[in-house]
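Observations on chain architecture
Spelled out, the chains give:
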Amino acid sequence: QVQLVESGGGLVQAGGSLRLSCAASGRTFSSYAMGWSRQAPGKEREFVAAISWSGGNTYYADSVKGRFTISRDNAKKTVYLQMNSLKPEDTAVYYCAAKTGFYSDYPVMYDYWGQGTQVTVSA
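Computed from a prediction, not measured in an experiment: that's the story for all the values here. (Residues numbered from 1 in each chain as written. Predicted model: local features only at pLDDT ≥ 70, side-chain atom pairs only at ≥ 80, totals over all residues. Heavy atoms only, no water.)

It is worth spelling out the pattern of salt bridges at this point. In this structure the tally under the stated criterion is 4 salt bridges. Where R38 meets E46, a salt bridge forms, and the shortest distance between an N and an O atom there is 2.6 Å. Classification of E46 as partly exposed rests on a relative accessible area of 36%. With a shortest N-O distance of 2.9 Å, R38 and D90 are connected by a salt bridge. (Salt bridge = Lys/Arg side-chain N within 4 Å of Asp/Glu carboxyl O. Buried < 20%, exposed > 50% of the residue type's maximum accessible area, 1.4 Å probe, protein only.)

Shown next, in the form of structure tokens:
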């Protein structure tokens, strides 16, 4: 089992950058694929990015490709989401999640979730 705590959200102007962090507890963090999803008010949770257990493979939603970068540090039990060129439509609560096995672009496939961190991008 793993517990996840996100941080790094905040208010930023369009075109700006933020880096989200997700700290994990538990001894087997390196065995989990990790993902980031987001949920805007009145909308369903949507996939943003995922990374394999080793960090060697990453996958992005088309809406963030080229602007966001997911990475992980297994020694620190932390996964990151670097967000550049932010747009107002990126405004949402961002969640990190963990799953065993291969990474997925379906949020429902993830087993463990953090509490979320708010990202607000002003025009």
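To continue, consider the pairing of strand 9 (residues 92-100). The element strand 9 is largely enclosed, with a buried count of 7 among its 9 residues. Where strand 4 (residues 32-39) lies against strand 9, 8 bridges are found, and the strand directions are antiparallel. Looking at the pairing, G35 lines up with A97 of strand 9. Pairing of strand 9 with strand 11 (residues 117-122) involves 3 bridges; the strand directions are antiparallel. Looking at the pairing, V93 lines up with Q118 of strand 11. Judged from the 2 bridges that link them, strand 9 and strand 10 (residues 112-113) form a sheet pairing that is antiparallel. Residue A97 lies in a different strand from strand 10, and its bridge partner there is W113. (Helix = DSSP H or I, 4+ residues; strand = E, 2+ residues; numbered from the N terminus. Pairing = 2+ DSSP bridges.)

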